[in-house]
Amino acid sequence: AQTVTQSQPEMSVQEAETVTLSCTYDTSESDYYLFWYKQPPSRQMILVIRQEAYKQQNATENRFSVNFQKAAKSFSLKISDSQLGDAAMYFCALQETSGSRLTFGEGTQLTVNP
Amino acid sequence: DAGVTQSPTHLIKTRGQQVTLRCSPKSGHDTVSWYQQALGQGPQFIFQYYEEEERQRGNFPDRFSGHQFPNYSSELNVNALLLGDSALYLCASSLPGGEVWTEAFFGQGTRLTVV
């Protein structure tokens, strides 16, 4: 069974600073996908960044980057130059094959202080 | 493109009643997945529909059932509602997947309150 764990229920960061959100996961597959989703108060899940397990290079999307440690089954999200609009609930998610179910962690509520 | 649309946005039902939630997928998408998100928790996978058939199912009782129509829209039905069914129900649409990764797009959800 696939599982995802986020051990930080809440995090806060000062505007323009950097913050890292942690995630660990478990799967028996060697190929899979990992994601970070953002859920603002509007409730709609928005994909922030994606990592394919077969790729050694860490994914980057503008101010968002990941640290993917396959052997340790660790997948952290770094947000640089934090902005007030980054405040939201962030979920780490695992997908074992393209198009299949997503397994989410419990979420980390990120607060950005001005 | 309207994206994924869900209706209604909010719903209040009494324990023991039945409820139907609706989802219209993003244009061009033929696969619909449903998730239950209890307050303060991550979404939990309920089931996925493709070609009008249930393709995958999560660990939910038979009280949860679904349907997909020929136009790819979908319904989630919950019978004999329990207080614990109170949650945000999210619908996600995508292409069926395969060799190339396909992104799942989410609707804004239906907030169900059971009293």
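Look up: the structure comes first, before these words.
Residues numbered from 1 in each chain as written. Chains lettered and ligands numbered in written order. Predicted model: local features only at pLDDT ≥ 70, side-chain atom pairs only at ≥ 80, totals over all residues. Heavy atoms only, no water.

**Comments concerning the overall build of chain A**
For chain A, the helix and strand inventory stands at zero helices and twelve strands. Reading chain A from its N terminus to its C terminus gives the helix and strand order β-β-β-β-β-β-β-β-β-β-β-β. Relative to its length of 114 residues, chain A is compact, with a C-alpha radius of gyration of 13 Å against a globular reference of 13 Å. C-alpha extents for chain A along the principal axes are approximately 40 × 25 × 20 Å. Within chain A, the fraction of its 114 residues that count as buried is 49%. Within chain A, counting contacts between residues at least 6 apart in sequence, those at least 24 apart form 55% of the total. When the accessible surface of chain A is summed, it comes to about 5400 Å², and 44% of that surface belongs to carbon and sulfur atoms. Charge separation in chain A, taken as the distance between the mean sites of 9 positive and 12 negative side-chain charges, equals 5 Å. (Helix = DSSP H or I, 4+ residues; strand = E, 2+ residues; numbered from the N terminus. Rg over C-alpha atoms; globule rule 2.2 N^0.38 Å. Buried < 20%, exposed > 50% of the residue type's maximum accessible area, 1.4 Å probe, protein only. Contact = heavy atoms within 4.5 Å. Areas by Shrake-Rupley, 256 points an atom, 1.4 Å probe, with all protein chains shown as cover. Lys, Arg positive; Asp, Glu negative; His and termini not counted. Charge placed at Lys NZ, Arg CZ, Asp CG, Glu CD.)

**Things to note about the overall build of chain B**
Of the regular secondary structure elements, chain B holds zero helices and eleven strands. Rg of the C-alpha trace for chain B: 14 Å, near the compact-globule value of 13 Å for 115 residues, within the 12% margin. Principal-axis analysis of the C-alpha atoms gives chain B an extent of 45 × 30 × 25 Å. The proportion of buried residues among the 115 residues of chain B is 46%.

**Concerning the interface of chain A and chain B**
Facing 20 residues of chain A, the contacting portion of chain B comprises 31 residues. Carbon and sulfur atoms make up 49% of the area that chain A and chain B hide from each other, which totals about 1900 Å². Its largest share of buried area at the contact with chain B, chain A owes to A:Arg43, A:Ser98 and A:Arg101, together 34% of the area lost on that side. Linking chain A with chain B are zero salt bridges, by the criterion used here. Put simply, chain A and chain B have twelve residue pairs in polar contact (both at pLDDT 80 or more) between them. (Buried area = accessible area lost by both parts, 1.4 Å probe. Salt bridge = Lys/Arg side-chain N within 4 Å of Asp/Glu carboxyl O. Polar contact = N/O pair within 3.5 Å; in protein donor to acceptor, adjacent residues only side chain to side chain.)

**Some remarks on the state of the cysteines**
All names here are of chain A. The final tally for this structure, using the stated rule, is two disulfides over all chains. Here Cys23 is linked by a disulfide to Cys92, with a sulfur-sulfur distance of 2.0 Å. Every disulfide takes its handedness from the sign of the S-S torsion; for Cys23 and Cys92 that torsion is -70°, giving left-handed. Within this pair, whereas Cys23 is found in the loop between strand E3 (19–21) and strand E4 (24–26), its partner Cys92 is found in strand E10 (residues 88–95), the two being separated by 69 residues in sequence. Here Cys92 falls in the buried class, since its relative accessible area comes to 0%. (Disulfide = S-S within 2.5 Å.)

**Describing the nonpolar core**
With 25 residues, the main nonpolar core has A:Trp36, A:Ile49, A:Phe75, A:Leu77 and A:Tyr90 as its most contacted residues. Elements with a contribution of two residues or more to this core: E3, strand E5 (33–39), strand E6 (46–52), strand E8 (64–69), strand E9 (74–79), E10 and strand E12 (108–113) of chain A. The element contributing the most residues to this core is E10(A), with four residues. A:Ile49 has contacts with A:Leu34, A:Phe35, A:Trp36, A:Ala59, A:Thr60, A:Glu61, A:Phe64, A:Ser65, A:Val66 and A:Leu77, leaving out every residue within four places of it along the chain. Formed by 19 residues, the second largest nonpolar core is a distinct cluster that contains B:Cys23, B:Val78, B:Ala87 and B:Tyr89. (Core = buried A, V, L, I, M, F, W, Y, C linked by side-chain atoms within 4.5 Å.)

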